[in-house]
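Architecture at a glance
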Amino acid sequence: MTLQILQQVDARGLSCPMPIVKTAQAIKAIPSGSLIEVLATDKGSVNDFAAWSRTTGNELVEQSVDDGVYRFVLRRK
Amino acid sequence: MTLTIEQPVEAAAVRVPEPEVALQPEGAARTKELVIVNWSGDLDKVWPVLILSSTAAASGMRCRVFVTFWGLLPFVKDQKRIVGEHWMQKMLALMQRPGIDHLKLSKMNFLGMGPWMMGVLRRKYNVASPRELLEAATAMGVEFIPCQMTMDMFGLKREDLIDEMGEPAGAATAIEIMTEADASLFI
């Protein structure tokens, strides 16, 4: 199954809380059930995206790290 | 004499029906709410207020910030330098320059040296400024409620404050929204 990512957020270099704030603004633009990809370098974003996913109900479907860049894929509730 | 208070007829007519359970977000009975009382005008207090309020809005919560005492000065429009009518109100504005870009530190201010160093570090580590956070917070629907009593005491008029501020209110409003919220903070 291929996952269609409809929206990307480049939050590299940004500190807390801007990766979350920018993601929250961007996720509004995509329909329910579709995916958004976020790139961030803030180390705190690992815990923060997990918490944000629990608070908002937007599912964190994928998470990885490559050379200090964290990648999160979330499905809009 | 007996005093009878009749139930107003309109009250029943305008009552909004409870929303259908099926229409509400999964797992949430209602929107969660955060209320913050922003009492301080210091950089090290206003900054976290803006971080938490914008994050609450980003987390799908309703967030209201009751802005009172020294906390009101950062919400004065940029072009306003001296506010108030009384000479003491003008003196206050002179001693603590209003506006979101002119916050002082509660500790280690050292005549502006502390805030300047915070600004350098903030830019080096790409941390959002109070101004950027305020813009994000208002764009995402954080409601800022100015305290009417503070406005009177500081000689602040509604038009002295940024346009995004809500209608002025008092302590009873603050108490009401704090007791109804899921979490309330005094910063």
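Okay, so let's go over this structure. (Residues numbered from 1 in each chain as written. Chains lettered and ligands numbered in written order. Predicted model: local features only at pLDDT ≥ 70, side-chain atom pairs only at ≥ 80, totals over all residues.)

1. Concerning the overall build of chain A
When its secondary structure is counted, chain A shows 2 helices and 4 strands. The N-to-C order of helical and strand elements in chain A reads β-α-β-α-β-β. What you see for chain A is a C-alpha radius of gyration of 11 Å, in line with the 11 Å of a compact globule of 77 residues. On the principal axes, the C-alpha backbone points of chain A span a range of 30 × 25 × 20 Å. For chain A, the proportion of contacts with a sequence separation of at least 24, taken over those separated by at least 6, is 59%. (Helix = DSSP H or I, 4+ residues; strand = E, 2+ residues; numbered from the N terminus. Rg over C-alpha atoms; globule rule 2.2 N^0.38 Å. Contact = placed C-beta atoms within 7 Å.)

2. Some remarks on the pairing of strand β1 (residues 5-11) of chain A
Along a regular strand, successive side chains alternate from one face of the sheet to the other. Note that β1(A) and strand β2 (residues 35-40) of chain A share 6 bridges and pair parallel. Counted as the bridge partner of V9(A) is V38(A) from β2(A). (Pairing = 2+ DSSP bridges.)

3. Points about the interface of chain B and chain A
With 15 residues of chain B at the contact, the number on the chain A side is 14 residues. Residues of the side of chain B that touches chain A, tallied by class, amount to 8 nonpolar, 6 polar and 1 charged. (Nonpolar A, V, L, I, M, F, W, Y, C, P; charged D, E, K, R; others polar.)

4. Looking at the sheet that holds strand β3 (residues 143-146) of chain B
Residue and element names in this part refer to chain B. With parallel pairing, 4 strands are arranged side by side in an open sheet as β3-β2-β1-β4. The open sheet terminates on both sides in strands that have one partner only, identified here as β3 and β4 (183-186). In this sheet, adjacent strand axes meet at a mean angle of 15 degrees when their direction is disregarded. As paired elements, strand β1 (residues 33-38) and β4 share 4 bridges and run parallel to each other. The residue bridging L34 from the neighbouring strand is A183, located in β4. Strands in contact with helix α2 (residues 43-58) are β1 and β2 (62-67); relative to β1, the strand with the most contacts, it is inclined by about 165 degrees. Along the sheet, helix α7 (residues 171-180) contacts β1, β2, β3 and β4; its crossing angle with β1, the most-contacted strand, is approximately 145 degrees. (Axes fitted to C-alpha atoms, helices over the stretch in contact; angles between N-to-C directions.)

5. Comments concerning the nonpolar core
Residue and element names in this part refer to chain B. Within the largest apolar cluster, 61 residues are counted, with the highest numbers of intra-cluster contacts made by L50, V65, F66, V67 and L72. In terms of residue count, the dominant contributor to this core is α2 (10 residues). Setting aside its immediate chain neighbours within four residues, V65 contacts I36, N38, V49, S53, V142, F144 and I145. (Core = buried A, V, L, I, M, F, W, Y, C linked by C-beta atoms within 7 Å. Buried ≥ 20, exposed ≤ 12 C-beta atoms within 10 Å, placed from the backbone.)

6. Section: unusual backbone geometry
Cis geometry marks the peptide bond from C16(A) to P17(A), where omega comes out at 5 degrees. When you line up the elements, P17(A) lands in the loop between β1 and α1 (18-27). One non-glycine residue with positive phi stands out, namely D67(A), at about 55 degrees. The residue N126(B) is not glycine, and still its phi comes out positive at about 55 degrees. As for its placement among the helices and strands, N126(B) is situated in the loop between α4 (113-124) and α5 (130-139).

7. Side note on the sheet that holds strand β3 (residues 59-66) of chain A
Residues and elements named next belong to chain A. Read from one edge to the other, the open sheet built from 4 strands follows the order β1-β2-β4-β3, with strand pairing classed as mixed. This sheet does not close on itself; its edge strands, each paired only once, are β1 and β3. Adjacent strand axes in the sheet meet at a mean angle of 15 degrees when their direction is disregarded. Bridging between β3 and strand β4 (residues 69-75) involves 7 bridges; their strand directions are antiparallel. Each residue of the ladder has a partner; that of Q63, found in β4, is F72. On top of the sheet, α1 reaches β1 and β2; it is set at about 155 degrees to β1, its chief contact.

8. Section: the environment of C16(A)
Residues and elements named next belong to chain A. Looking at the element boundaries, C16 is found in the loop between β1 and α1. Taking the C-alpha atoms as reference, C16 lies 7.4 Å from G44; in sequence the two are 28 residues apart. Excluding residues within four positions of it along the chain, C16 makes contact with D42, G44 and D48.

9. Here we look at α2(B)
Counted at 1.5 Å a residue, the expected span for α2(B) with its 16 residues is 22 Å, and the 22 Å between its end C-alpha atoms agrees. The buried fraction of α2(B) is high, at 13 of 16 residues. (Expected span 1.5 Å × (residues − 1).)

10. Remarks on the packing of α1(A) against α2(B)
At a minimum axis separation of 9 Å, α1(A) and α2(B) run at an interaxial angle of 35 degrees. Classified by chirality, the crossing of α2(B) by α1(A) is left-handed. Facing I20(A), V21(A) and A24(A) of α1(A), the residues of α2(B) in contact are S54(B), T55(B) and A58(B). Counted by class, the contact of α1(A) with α2(B) contains 4 nonpolar, 2 polar and no charged residues. (Left-handed = near helix turned anticlockwise from the far one by under 90°.)

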